[in-house]
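Structural features, examined
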Amino acid sequence: MTTIISNSFLSAFFLLLLSSLNFVPLGVSNPPPTCGPVFPPDAVAVYAEDIHFLQFALNLEYLEADYFLFGALGYGLDQVAQELAMGGPPPKGAKKANLDDLAKRIVEEFGYQEVGHLRVIKSTVGGYPRPLLDLSASNFAAIMDNAFGHHLEPPFDPYANSVNYMLSSYLIPYVGLTGYAGMNPFLNGYKIKRLLGGLLGVESGQDAVIRMYLYERSQELVHTYNYTVAEFTTQISKLRNNLGRCGIKDEGVIVPTNLGAENLTTSNVLSAMSDSKSYGRTPAEILRIVYGTGNEHVPGGFLPNGGDGKIARQLLVPPPYY
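Each chain carries its own residue numbering, running from 1 in the written order of its sequence. Predicted model: local features are reported for residues with pLDDT of at least 70 only, side-chain atom pairs are reported and counted for 80 or more only, and whole-chain, interface and lining totals are derived from all residues. Each side-chain value is derived from all of the structure's non-hydrogen atoms; neither hydrogens nor water enter the calculation.

So, on to the overall build of the chain. In this description a helix means any DSSP run of H or I spanning at least four residues, a strand means any run of E spanning at least two, and both kinds are numbered starting from the N terminus. On a plain count of helices and strands, the chain comes out with twelve helices and zero strands. Ordered by position in the sequence, the α and β elements of the chain form the string α-α-α-α-α-α-α-α-α-α-α-α. Relative to the 2.2 N^0.38 estimate, which gives 20 Å for 322 residues, the radius of gyration of the chain is 25 Å and therefore markedly larger than a compact globule would have. The classification of residues rests on relative accessible area computed with a 1.4 Å probe and restricted to protein chains. Under 20% of the type maximum is buried, over 50% is exposed, and intermediate values are partly exposed. Within the chain, the fraction of its 322 residues that count as buried is 46%. For the chain, long-range pairs separated by at least 24 residues make up 73% of all intrachain contacts whose partners lie at least 6 apart in sequence. For the chain, the computed accessible surface area is about 15,800 Å², with 60% contributed by carbon and sulfur atoms. Charge convention: Lys and Arg are scored as positive, Asp and Glu as negative, and His as well as the terminal groups of each chain are ignored. Charged side chains are reduced to one point each, which is NZ for Lys, CZ for Arg, CG for Asp and CD for Glu. Treating the 22 positive side-chain charges of the chain as one cloud and the 29 negative ones as another, the clouds have centres 4 Å apart. Based on C-alpha atoms, the radius of gyration is set beside the globule rule, defined as 2.2 Å times the residue count to the power 0.38. Pairs of residues are marked as contacts when any of their non-hydrogen atoms sit within 4.5 Å. Values of accessible area rely on a 1.4 Å probe in the Shrake-Rupley scheme; residue burial ignores everything except the protein chains shown.

In structure tokens form, the structure reads like this:
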């Protein structure tokens, strides 16, 4: 009797074990698992109004792609994926940066990621040729002068070394991620929402890597200047807040505790609101910053001829009361 009970127990135990391992007896079919969301049959993948928001983002994706590719490789989108540039003018002043191995690997990866972003946005909502980009050292020098309120001597050169390049990169992905966070509430199509989520995740990751790189060096003096890395990030963030003209949506890597997480930290590896959500910006705010003019109707800075896409083109025309 004991033997019968033991055998029955062992049989039941092994059946339970095999079922937990998704074991299926020979000859019994096992349907494939569902691995993605199932949308209602009447769900809309892309709404017409969604298209213009994602096309607006191409302005920054072009900027990031060429800046990172040139910085790491010495050549850009025209050599890596010419079809994505769609015949747009080559960027002004872009060149290979003097990067150490760590920075080069990071920047090269970022560059290729931006190529993927351009491709997936265009394959989903279409696009337009690359606008004229000013990636010259003189443009970055003017931005840094504006950030500090006086002329830096010698002029800031983003291509001179790894720290300078990462400081100049601090200018770029964060603006993109705040733009994606800002447009999120206005999107409706499920395919567009999934696209934005994927783009925002990678842009946020890029910004986090750049900020961590700079945070680790926060107390080091930037070569030839009597300012630390942390002071550079603070001044750049203040400049973007001033240009955006919509309050604090930007913070350096070291902050007073009233801007830290739960008002308890001075470290600020991730810039966030008081409840640790990402800040969001509108297209108009983005253009004020990227143009460097504080005015979405007046181009300049990284986009000397202005941005492209319906939203940017409409904002180039000032309203009647302006």
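This part covers helix α2 (residues 48–73). For α2, built from 26 residues, the straight-helix expectation of 38 Å at 1.5 Å per residue is met to within 8% by its first-to-last C-alpha distance of 37 Å. Two axes enter the definition of the bend at a residue: one is fitted to the seven residues ending there, the other to the seven starting there, and the bend is the angle between them. Its maximal kink placed at N59, α2 deviates by approximately 30°. One or two positions beyond α2, positive phi appears at G74, with a value near 85°. Helices are assigned an expected span. That span is 1.5 Å times one less than the residue count.

Below, the discussion takes up the packing of aromatic side chains. For Phe, Tyr and Trp, rings pair up if their centres lie within 6.5 Å, where Trp contributes its six-membered ring, and each pair is then called stacked (planes under 30 degrees apart), edge-to-face (over 60) or tilted (otherwise). Using the criterion set out here, one finds 15 aromatic pairs in the structure. With a centroid separation of 5.3 Å and 65° between ring planes, the pair formed by F140 and F302 is classed as edge-to-face. With F140 in helix α6 (residues 137–148) and F302 in the loop between α11 (283–291) and α12 (310–316), this residue pair connects regions lying 162 residues apart in the sequence. Ring pairing ties together the aromatic residues Y67, F68, F110, F140, Y159, Y165 and F302, which thus form one cluster. In this arrangement the basic side chain of R217 is found over the ring face of Y213, its NZ or CZ atom lying 3.6 Å from the centre. In this scheme, Lys NZ or Arg CZ marks a charge over a ring once it lies within 6 Å of the ring centre and within 35 degrees of the ring normal.

Tracing the chain through its elements places A272 in the loop between α10 (229–244) and α11. A relative accessible area of 16% means that A272 is categorised as buried. Remark: the alpha-carbon pair of A272 and E251, spanning 21 residues in sequence, is separated by 8.1 Å.

Right, let's get into the nonpolar core. For the purposes of this section, nonpolar cores are sets of buried Ala, Val, Leu, Ile, Met, Phe, Trp, Tyr and Cys residues that join through side-chain atoms within 4.5 Å. One finds L54 and F232 to be the most contacted residues of the largest nonpolar core, which totals 79 residues. Take this core: its biggest share by element is 15 residues, from α2. Apart from residues lying up to four places away in sequence, F232 is in contact with M144, F148, L152, F156, L167, V222, Y225 and Y227.

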